[in-house]
Amino acid sequence: MRQLVIVERLSLIGHIISMVFGLVGILIVIPNAELLVSLSEVGQTVMQWSMAGGGVVYMIFGALGVFLYAYRTLGLARALGFLIPSLSISLTSELLGTSTGFPFGGYSYLSGLGYKISGLVPFTIPLSWFYVGCVSYVLARAGLQVDKKPSLFRQIGAVVLGALLLTSWDFVLDPAMSQTSLPFWYWYEPGAFFGMPYQNFVGWMGTGTLFMTVAALLWSQNPIKLDSYQLNVPLLVYLGNFGFATVMSLAAGFPIPVLLGIVLGVAPAVLLWSKGSSVPATVNIEAASQEVVVNNVKVALK
């Protein structure tokens, strides 16, 4: 288990570092190409690698780190119970979206995010749905205490809040990633929300709600038990990815999506983390039922 924790931590650290490199490349190096010439040979190699594969690497690291976290804290069945629905349902939605315009609107992916499945959707995109979706749902489920006070209302609330956290991340990410100096996708008909159609958010909420509902059904027979400190990883992953999107959006001149994301995403995520962390872990204590037997001792006095 110790080796697993090490790989998980290294993956999450690599995830954050790769995002930082990506920001430096997209926001500093590309708009100022002359800076690349002034770098050392090693620096030029690193930046060229970052531009060529940074987007792919940071999503692979994120997906690997979150999967190992889920496996270690929730168990293999629950980890797969979220991974498989999220990958398959999000990929289906993305393939439909890039070929028919439903459910997100008409758009197409450019290069920079890796091999495209069916020539349409980079294989890294479903990975991002998985790892951001997973930490969003875990925070919502823990914050609403679904597994300690189970009810249909709490189950539904966790799915809706989890999907909202996921969609709020896209409020901030999508405008910048489609309109940066090095765009990763584009809209055939730019929409009213900073270049995005409102339909996009409906598609995000619907897709997230669908695969989180499937995960909730798969997890329902085995309640999860997380110690308070085990919620730190989901919060850090969510805030790290939100921070990446925030820097991109602010650099592109889009402060309103950032404010909206903070209100609907960051604030609820921190509140859910606080609620979930304040609930002590369930501990089974058998001492109360133990019987103490004292043998009779005869003492002989001389």
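Residues numbered from 1 in each chain as written. Predicted model: local features only at pLDDT ≥ 70, side-chain atom pairs only at ≥ 80, totals over all residues. Heavy atoms only, no water.

Caption draft 1: Representation of the overall build of the protein chain within the structure. Per the secondary structure count, the protein chain includes nine helices and four strands. Across the protein chain, helices and strands are ordered from the amino to the carboxyl terminus as α-α-α-α-β-β-β-α-α-β-α-α-α. The 302 residues of the protein chain split such that 48% are buried. Partitioning the intrachain contacts of the protein chain with sequence separation of at least 6 by distance along the chain shows that 76% fall at a separation of at least 24. (Helix = DSSP H or I, 4+ residues; strand = E, 2+ residues; numbered from the N terminus. Buried < 20%, exposed > 50% of the residue type's maximum accessible area, 1.4 Å probe, protein only. Contact = heavy atoms within 4.5 Å.)

Caption draft 2: Up close: the UniProt feature "transmembrane region" (unreviewed entry) in the protein chain. Residues annotated by UniProt as "transmembrane region" (unreviewed entry) correspond here to residues 12-30, 50-69, 76-97, 117-140, 152-172, 201-219, 231-250 and 256-274. Along residues 76-97 the backbone is 100% helical and 0% strand, and the end-to-end C-alpha distance reaches 31 Å. Along residues 256-274 one finds 100% helix and 0% strand; the C-alpha atoms at either end are 26 Å apart. (UniProt positions renumbered as here; feature names shortened; annotations may be inferred.)

Caption draft 3: Representation of the side chain of Ser-18 within the structure. Position of Ser-18 among the secondary structure elements: in helix α1 (residues 2-29). When its relative accessible area of 6% is taken as the criterion, Ser-18 is described as buried.

Caption draft 4: The environment of Gly-75, seen in detail. Of note, Gly-75 is situated in the loop between α3 (41-74) and α4 (76-100). As for Gly-75 and Ile-224, which are separated by 149 residues in sequence, their C-alpha atoms are 8.9 Å apart.

Caption draft 5: Structural context of the nonpolar core. The biggest cluster of nonpolar side chains holds 74 residues, and the ones touching the most others in it are Phe-82, Phe-130, Tyr-131 and Tyr-238. Among residues more than four places away in sequence, those in contact with Phe-82 are Phe-130, Gly-133, Cys-134, Tyr-137, Phe-211, Met-212, Ala-215 and Trp-219. (Core = buried A, V, L, I, M, F, W, Y, C linked by side-chain atoms within 4.5 Å.)

Caption draft 6: Layout of a nonpolar patch on the surface. Where nonpolar side chains cluster on the molecular surface, the patch consists of Ile-6, Leu-10, Ile-13, Ile-17 and Phe-21 and spans about 450 Å² of accessible area. Looking at the element boundaries, Ile-13 is found in helix α1. (Patch = residues over 30% accessible without salt bridge, like charges linked within 9 Å, V, L, I, M, F, W, Y side chains within 5 Å. Areas by Shrake-Rupley, 256 points an atom, 1.4 Å probe, with all protein chains shown as cover. Salt bridge = Lys/Arg side-chain N within 4 Å of Asp/Glu carboxyl O.)

Caption draft 7: Looking closely at the environment of Asn-241. Here Asn-241 lies in helix α8 (residues 232-251). Taking relative accessible area as the criterion, Asn-241 reaches 2% and is therefore assigned buried. Counting along the chain gives 225 residues from Asn-241 to Ile-16, while the straight-line C-alpha distance between them is 8.3 Å. The contact partners of Asn-241, leaving out residues within four places of it in the chain, are His-15, Met-19, Tyr-58, Tyr-131, Val-132 and Trp-169.

Caption draft 8: Highlighting the side chain of Gln-230. Residue position: Gln-230 is located in the loop between α7 (199-219) and α8. On the basis of relative accessible area, Gln-230 is assigned to the buried category, the value being 12%. Reaching out from Gln-230, the side chain makes a polar contact with the backbone nitrogen of Asp-227 at a distance of 2.7 Å. When near neighbours in sequence (up to four residues on either side) are disregarded, Gln-230 contacts Tyr-69, Thr-73 and Lys-225. (Polar contact = N/O pair within 3.5 Å; in protein donor to acceptor, adjacent residues only side chain to side chain.)

Caption draft 9: Local environment of the packing of aromatic side chains. Overall, the coordinates contain 22 aromatic pairs when judged by the stated rule. Their ring planes at 85° and their centres at 5.7 Å tell us that Phe-82 and Phe-211 sit as a pair that is edge-to-face. With Phe-82 in helix α4 and Phe-211 in helix α7, this residue pair connects regions lying 129 residues apart in the sequence. Accessibility assignment for this pair places Phe-82 and Phe-211 in one class, buried. (Phe/Tyr/Trp six-rings, centres within 6.5 Å; stacked < 30°, edge-to-face > 60°.)

Caption draft 10: Spatial organisation of the confidence of the model for the protein chain. Of all residues in the protein chain, 83% attain a pLDDT of 70 or more, and the chain-wide mean is 87. Across residues 281-302 the pLDDT falls below 50, and counting only partners more than four positions away or on other chains, this stretch makes four contacts in the model. (pLDDT = per-residue confidence, 0-100.)

Caption draft 11: Region of the structure containing the packing of α8 against helix α9 (residues 255-277). Across the interface, α8 lies against α9 with an axial gap of 11 Å and an inter-helix angle of 170°. By the angle between their directions, the pair α8 and α9 is classed as roughly antiparallel. Residues Asn-232, Leu-235, Tyr-238, Leu-239, Phe-242, Thr-246, Ser-249 and Leu-250 of α8 pack against Pro-255, Val-258, Gly-261, Ile-262, Gly-265, Val-266, Ala-269, Val-270 and Trp-273 of α9. Taken together, the residues that form the contact of α8 with α9 break down as 12 nonpolar, five polar and no charged. (Axes fitted to C-alpha atoms, helices over the stretch in contact; angles between N-to-C directions. Parallel < 35°, antiparallel > 145°, perpendicular 65-115°, else oblique. Nonpolar A, V, L, I, M, F, W, Y, C, P; charged D, E, K, R; others polar.)

Caption draft 12: Geometry of the packing of helix α6 (residues 152-177) against α8. Remark: α6 packs on α8, axes separated minimally by 7 Å, with the N-to-C direction vectors making an angle of 30°. As far as their axial angle goes, α8 and α6 are roughly parallel. With respect to the hand of their crossing, α6 and α8 are arranged in left-handed fashion. For the pair α6 and α8, the contacting residues are Leu-165, Ser-168, Trp-169, Val-172, Leu-173, Ala-176 and Met-177 in the first and Tyr-238, Asn-241, Phe-242, Phe-244, Ala-245, Thr-246, Met-248 and Ser-249 in the second. (Left-handed = near helix turned anticlockwise from the far one by under 90°.)

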